[in-house]
Amino acid sequence: MKIFEKPLTAAEEKQYLLKLKEGDMAAQEILIRKNMRLVAHMVKKYTSSDVETEDMISIGTIGLIKAIKSFDMEKGSRLATYAAKCIDNELLMTLRNNKKRSREVSLNEPIGTDKEGNEISLIDFIESQNSDVYQVVELNNEIRWLRDAIQKNLSKREQQVIALRYGLYGGQEKTQIEISRMLGISRSYVSRIEKKALSKLRAGY
């Protein structure tokens, strides 16, 4: 097990921080070494993660260095208190990024085979789904256009006959005889209304 150096006293810490402020990089190295025990302590919180302990210590050390460089003595707190937060943030950020990456799936990753035994990748599946979506959208657009055309170009009676004849608006298709009985008019009259309505719709199209 790695043995870490004894932490600095409050007076020693202040001394090295002042030296670092003056540009003494050797003071920074001492502050890092003397606070590695804190890094190891913070890493213990995440021993159940998939990241190796040595890697976690390296990541925690980055957080420690950031803390040493940005620490403000004027605020009155000890470096260790501030550094603990910086180290913890660095560790958490790395673990979250690792989780995001582990959830990503290659679009070319095989997910099965088709009826002919050919391998299907995720991107093949997405593209086929998109193709179905495009067809549905196109059909919905055509239905919307048809409804608008019926309302704009046909009389109320013509709209009624066409809706019944072709099962529009969720209804069931009716024969001309059934429509004639429902509306109380002759079948031949229903036929004339239908032909006239279809002629109007074709002209509008």
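All figures in this text were calculated on a predicted structure; none of them were measured in a lab.

**Q** Would you mind going over the overall build of the protein with me for this structure?
**A** Counting secondary structure elements, the protein contains nine helices and two strands. Going through the 205 residues of the protein one by one, you find that 30% of them count as buried. Carbon and sulfur atoms provide 51% of the accessible area of the protein, an area that totals close to 14600 Å².

**Q** In this structure, what is going on with the pattern of salt bridges? I would like to understand it.
**A** A side chain with one charge can pair with a side chain of the opposite charge if their charged atoms come near. Counted according to the given criterion, the structure contains seven salt bridges. For K45, the salt bridge goes to D88, with nearest N and O atoms at 3.2 Å. Taken together, the residues span a long stretch of sequence, with K45 in the loop between α3 (36–43) and α4 (53–70) and D88 in helix α5 (residues 79–103) at a distance of 43 residues. According to the relative accessible area criterion, D88 is buried, its value standing at 15%. The salt bridge partner of E158 is K200, with a shortest N-O separation of 3.0 Å. Separated by 42 residues along the polypeptide, E158 in helix α7 (residues 156–166) and K200 in helix α9 (residues 187–204) bring together distant segments of the chain. For K200, a relative accessible area of 30% corresponds to the partly exposed category. Salt bridges sharing common partners tie together E5, R33 and K34.

**Q** Please explain the packing of α7 against helix α8 (residues 176–183) as it appears in this structure.
**A** A pair of packed helices can be characterised by two numbers: the angle between their axes and the separation between those axes. For the pair α7 and α8, the least separation of the axes is 10 Å and the interaxial angle reads 135°. Relative to α8, α7 is oriented oblique. For the pair α7 and α8, the crossing hand works out as right-handed. Along the contact surface, α7 presents R157, Q160, V161, L164 and R165, while α8 presents Q176, I179, M182 and L183.

**Q** So what exactly am I meant to see when it comes to the packing of aromatic side chains here?
**A** How two aromatic rings sit relative to each other is set out by the distance from centre to centre and by the angle between their planes. Summed over the entire model, instances satisfying the criterion amount to one aromatic pair. Arranged with centres 5.7 Å apart and planes meeting at 45°, the rings of F71 and Y82 form a pair that is tilted. With F71 in the loop between α4 and α5 and Y82 in helix α5, this pair connects stretches of sequence that are eleven residues apart. For F71, a relative accessible area of 13% translates into the label buried. Classification of Y82 by relative accessible area gives partly exposed; the value is 29%.

**Q** Could you clarify how one ought to interpret the packing of α3 against α4 in this entry?
**A** Their axes nearest at 9 Å, the elements α3 and α4 cross at an angle of 125°. Put simply, α3 runs oblique to α4. The way α3 lies across α4 gives a crossing that is right-handed. Residues M36, V39 and V43 of α3 form the contact with α4, whose own contacting residues are T53, M56, I57, G60, T61 and L64. Residues of the contact of α3 with α4, tallied by class, amount to six nonpolar, three polar and no charged.

**Q** Teacher, can you tell me more about the environment of S188 here?
**A** Locating S188 in the fold gives a position in helix α9. C-alpha of S188 to C-alpha of Q176: the two residues are twelve residues apart in sequence and 8.2 Å apart in space. Looking at S188, its side chain comes within polar contact range of the side chain of S186, at 3.2 Å.

**Q** For this particular structure, what's the right way to read the environment of A26?
**A** Along the chain, the position of A26 falls in helix α2 (residues 25–34). A relative accessible area of 46% places A26 in the partly exposed class.

**Q** Hey, could you run me through the nonpolar core in this one?
**A** Most often, soluble globular proteins keep nonpolar side chains buried together rather than apart. Core analysis: the biggest nonpolar cluster contains 31 residues, and L31, L64, I87 and L91 have the highest contact counts within it. Elements supplying a minimum of two residues to this core: α1 (10–21), α2, α3, α4 and α5. No other element matches α5, which puts seven residues into this core. With near-sequence residues (within four places) excluded, L64 lies in contact with I32, N35, M36, V39, A83 and I87. Core analysis: the second largest hydrophobic core is formed by seven residues, L164, I179, I185 and V190 among them.

Criteria and cut-off values
Residues numbered from 1 in each chain as written. Predicted model: local features only at pLDDT ≥ 70, side-chain atom pairs only at ≥ 80, totals over all residues. Heavy atoms only, no water. Helix = DSSP H or I, 4+ residues; strand = E, 2+ residues; numbered from the N terminus. Buried < 20%, exposed > 50% of the residue type's maximum accessible area, 1.4 Å probe, protein only. Areas by Shrake-Rupley, 256 points an atom, 1.4 Å probe, with all protein chains shown as cover. Salt bridge = Lys/Arg side-chain N within 4 Å of Asp/Glu carboxyl O. Axes fitted to C-alpha atoms, helices over the stretch in contact; angles between N-to-C directions. Parallel < 35°, antiparallel > 145°, perpendicular 65-115°, else oblique. Left-handed = near helix turned anticlockwise from the far one by under 90°. Contact = heavy atoms within 4.5 Å. Phe/Tyr/Trp six-rings, centres within 6.5 Å; stacked < 30°, edge-to-face > 60°. Nonpolar A, V, L, I, M, F, W, Y, C, P; charged D, E, K, R; others polar. Polar contact = N/O pair within 3.5 Å; in protein donor to acceptor, adjacent residues only side chain to side chain. Core = buried A, V, L, I, M, F, W, Y, C linked by side-chain atoms within 4.5 Å.

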